[in-house]
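# Architecture at a glance
The lines below spell out each chain.
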Amino acid sequence: MENVIEIKGVKKNFGEKTVLKNINLTVTKGENIVVLGKSGQGKSVMIKCIVGMILPDEGSLKVFGDEVCSMSEDTLKAMRTRIGFLFQGGALYDSMTVRENLAFALQRVLKITDENDIENRSKEVLEAVGLSEVIDKMPSDLSGGMRKRMALARTLIVKPEVILYDEPTTGLDTITSKEISQLMLEIHEKYKTSSIIITHDMQCARITGGRVMVLNEGEFIAEGTYTELENCNDEFVKLFFK
Amino acid sequence: MNLSPSLNNFLEKTGEQANFFTSFVRNIFKGGFEWNEFLRQCYVIGYKSLGIVAVTGFVLGFVFTLQSLPTLKEFGAQGYVPSMVCISVIREIGPVITGLICAGKIASSIGAELGSMNVTEQIDSMEISGANPVQYLVVTRILACTCMIPLLTLFADAMSLAGGYIGVNTSTNMSMQLYFIKSVQTLYFSDFFPAVIKTIFFGLAIGFVGCYKGYTSNKGTESVGLAANSAVVAASVWIIILDAIAVQLTSVFVYN
Ligand SMILES: Nc1ncnc2c1ncn2[C@@H]1O[C@H](COP(=O)(O)OP(=O)(O)OP(=O)(O)O)[C@@H](O)[C@H]1O
Ligand SMILES: [Mg+2]
């Protein structure tokens, strides 16, 4: 199987503080990986490294077979257009309406200029996340959970090959969060995307996860399927499944 | 090297600004210019500042005329008031006051806007989605400022003359035609042209400082306020400095 993401021995310090100590992770094509970990353990930092937003201090980081740290500007840009990134905070452009937010992504990433095409794709994706009625609203007029779903819509609309989800269901009620998890699984199965899903939501992990990995103190300390980890004996891992 | 930390810091910041400026210039010519966003920014920056610039310009001309009238009257020279007001407004006061007002209004709002976009990771998000945030956010804003500040200044100048007309008519009775003729009688192209050039640079400075402070702010919430605040301060200082330089240059190249 082809490796889309290959991380070997990645280390990252912020000043004195070591955030990532020794990260090793391989994501093969069409694989879903769930990353669990306590708050502040560097999960977000790790996926930011993957898209070259934060440069690691040591180690090798390959995406689609190319080393991220030594990429030229153009290769980096081309790589990024193939990756979808869902920010923990949503990062919706708050000077644009929902429609413009979606159009911005389509125009810039897929270079689509046809108005009708943009409109249809926007409507389709909004329907999938259950937000059809808000297309002309500003992000500031949406509720927290709606913004979260809107951000998901903006990530999904460009149909990326790899999706990095940073807590896609945090702040949503159990019912919506289950729907979103199922949507993520659906996308995964339909378009054969590979994804890394950072989450604290065990329901989401159970529904979407192929492989579950546990991050603690800058290293992965356990990995396996959901059921394997649920029944494992490690005290720390057990805490997540309580 | 054994430089003091503050000097070190200063050099670092200067280098960073030079870098930012280079990337601004490089991105102007990169292709894929964001015309829509540029026009939207022209609207936001230009049109939305019309009111405050109009009021300031008008009051400036009015007050300036009222203040000069009694003094010049002592010498029996009140007939020179319109042309004096006109020349000082067009050459110096109009550009500087408009520049400072716009530093307060525009540089701060650009600083706050880009600062909050930075904090909420919108800029990162643009970059990751393969868009070019420097081109979309920075180039459009700086160029819009560079185009709109000169226009706003001309508008403020015109409002000042209108204010001056009202001012003159508080004590004497002068027709509008006569006032206008008296105003522009001693106004030469060499008074007008350097002032316009100067305001182009004011616009550039306002846009650049606002964008730089916002774009490079830290990622804490308080840094949004800090970005807005330091943008105003830095832009105002730049305007004063640029004005001093412009005065030196015009007196060397134009008035001798
Ligand atoms: N740009 C940065 N500069 C300095 N320190 C940073 C930076 N980004 C993250 N950190 C630090 O790295 C650590 C890990 O942050 P990160 O955002 O990756 O946590 P996380 O695992 O995603 O937590 P959460 O589940 O709360 O989102 C934190 O201690 C944070 O303070
Ligand atoms: Mg995080």
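Below is a short write-up of the structure.

What counts, and at which threshold
- Residues numbered from 1 in each chain as written.
- Chains lettered and ligands numbered in written order.
- Predicted model: local features only at pLDDT ≥ 70, side-chain atom pairs only at ≥ 80, totals over all residues.
- Heavy atoms only, no water.
- Helix = DSSP H or I, 4+ residues; strand = E, 2+ residues; numbered from the N terminus.
- Contact = heavy atoms within 4.5 Å.
- Areas by Shrake-Rupley, 256 points an atom, 1.4 Å probe, with all protein chains shown as cover.
- Lys, Arg positive; Asp, Glu negative; His and termini not counted.
- Charge placed at Lys NZ, Arg CZ, Asp CG, Glu CD.
- Buried < 20%, exposed > 50% of the residue type's maximum accessible area, 1.4 Å probe, protein only.
- Buried area = accessible area lost by both parts, 1.4 Å probe.
- Salt bridge = Lys/Arg side-chain N within 4 Å of Asp/Glu carboxyl O.
- Polar contact = N/O pair within 3.5 Å; in protein donor to acceptor, adjacent residues only side chain to side chain.
- Near = heavy atom within 4 Å.
- Nonpolar A, V, L, I, M, F, W, Y, C, P; charged D, E, K, R; others polar.
- Expected span 1.5 Å × (residues − 1).
- Arc of directions from axis to C-beta.
- Pairing = 2+ DSSP bridges.
- Donors = N, O, S within 2.8 Å, 3.2 Å for Na, K, Ca; no water.

### Quick notes on the overall build of chain A
Counting its secondary structure elements, chain A contains nine helices and ten strands. For chain A, the spread of C-alpha atoms along the principal axes amounts to about 50 × 45 × 35 Å. Sequence-distant contacts in chain A: of pairs separated by 6 or more residues, those separated by 24 or more amount to 65%. When the accessible surface of chain A is summed, it comes to about 11000 Å², and 47% of that surface belongs to carbon and sulfur atoms. In chain A, 31 positive and 36 negative side-chain charges are present, and the distance between their average locations comes to 1 Å.

### Quick word on unusual backbone geometry
Residue and element names in this part refer to chain A. For Lys192, which is not glycine, the phi dihedral falls at a positive 55°. Tracing the backbone shows Lys192 in the loop between α6 (174-191) and β8 (194-198). For Lys192, a relative accessible area of 57% corresponds to the exposed category.

### Thoughts on the interface of chain B and chain A
With 18 residues of chain B in contact, the opposing surface of chain A contributes 20 residues. A buried area of about 1600 Å², summed over both sides, lies between chain B and chain A, and 53% of it is on carbon and sulfur atoms. For the chain B face of the interface with chain A, the top three residues by lost area are Glu121(B), Gln122(B) and Ile128(B), together amounting to 36%. Among the ionic pairs, Arg108(A) bridges to Glu34(B), the shortest N-O distance being 2.7 Å. Linking chain B with chain A are eight residue pairs in polar contact (both at pLDDT 80 or more).

### Section: the site of ligand 1
All names here are of chain A. Close contacts around ligand 1 come from 14 residues, with Lys17, Ser39, Gly40, Ser44 and Gln88 the closest. A distance of 2.6 Å separates an oxygen atom of ligand 1 from a polar side-chain atom of Ser44. Out of a free accessible area of 630 Å², ligand 1 has 63% covered by protein chains. Among the elements that take part in the shell around ligand 1, helix α1 (residues 43-50) stands out by supplying three residues, more than any other. Looking at the shell around ligand 1 residue by residue, the classes come out as three nonpolar, seven polar and four charged.

### Describing helix α4 (residues 115-128) of chain A
Residues and elements named next belong to chain A. With 14 residues, α4 extends 20 Å from end C-alpha to end C-alpha; this agrees with the ideal 20 Å at 1.5 Å per step. Of the positions making up α4, those classed as buried are Ile118, Ser122, Val125 and Leu126. The buried side chains of α4 occupy one side of the element, clustering within an arc of 100° when seen end-on. Within α4, the exposed residues directed more than 90 degrees away from the buried face are Asn116, Asn120 and Glu127. Tucked inside the fold, the buried residues of α4 contact α3 (98-110) and α5 (144-156). Downstream of α4 by a residue or two, Gly130 has a phi angle that is positive, lying close to 75°.

### A look at the pairing of strand β7 (residues 162-166) of chain A
All names here are of chain A. For β7, the buried fraction is high: five of the five residues fall into the buried class. Burial along β7 is two-sided: Val162, Leu164 and Asp166 facing one way and Ile163 and Tyr165 facing the other are all buried. Where strand β6 (residues 83-86) meets β7, four bridges bridge the pair, whose relative direction is parallel. Note on β7: the bridge partner recorded for Gly84 is Ile163. Sheet topology places β7 next to β8; five bridges connect them, and they run parallel. Considered in β8, the bridge of Tyr165 is made with Ile197.

### Let's talk about the coordination of the magnesium ion (ligand 2)
Surrounding the magnesium ion (ligand 2) are the protein donor atoms Ser44(A) (OG) and Gln88(A) (OE1), at 1.9 to 2.2 Å. With Ser44(A) in helix α1 and Gln88(A) in the loop between β6 and α3, the pair connects residues that are 44 residues apart, well separated along the chain.

### Details of the pattern of salt bridges
All names here are of chain A. Evaluation of the coordinates by the stated rule reveals 21 salt bridges over all chains. As a salt-bridge pair, Lys123 and Glu119 come within 3.0 Å of each other at their nearest N and O atoms. With a gap of four residues between them, Lys123 and Glu119 both fall in helix α4, about one helical turn apart. With relative accessibility at 23%, the residue Glu119 sits in the partly exposed group. Among the ionic contacts, a cluster of salt bridges with common partners joins Arg99, Glu119, Lys123 and Asp136.

### Side note on the environment of Ser194(A)
Position of Ser194(A) relative to the elements: it lies in strand β8. Here the alpha-carbon distance between Ser194(A) and Thr174(A), two residues 20 residues apart in the chain, equals 24 Å.

### A few points about the side chain of Arg149(A)
Note that Arg149(A) resides in helix α5. Beyond its immediate chain neighbours, meaning those up to four positions away, Arg149(A) contacts Val129(A), Gly130(A), Leu131(A), Thr176(A) and Ile180(A).

### Considerations on the environment of Leu61(A)
With respect to the helices, strands and loops of the structure, Leu61(A) is situated in strand β4 (residues 58-63). Sequence-wise, Leu61(A) and Asn24(A) are 37 residues apart; in three dimensions their C-alpha atoms are separated by 9.3 Å.

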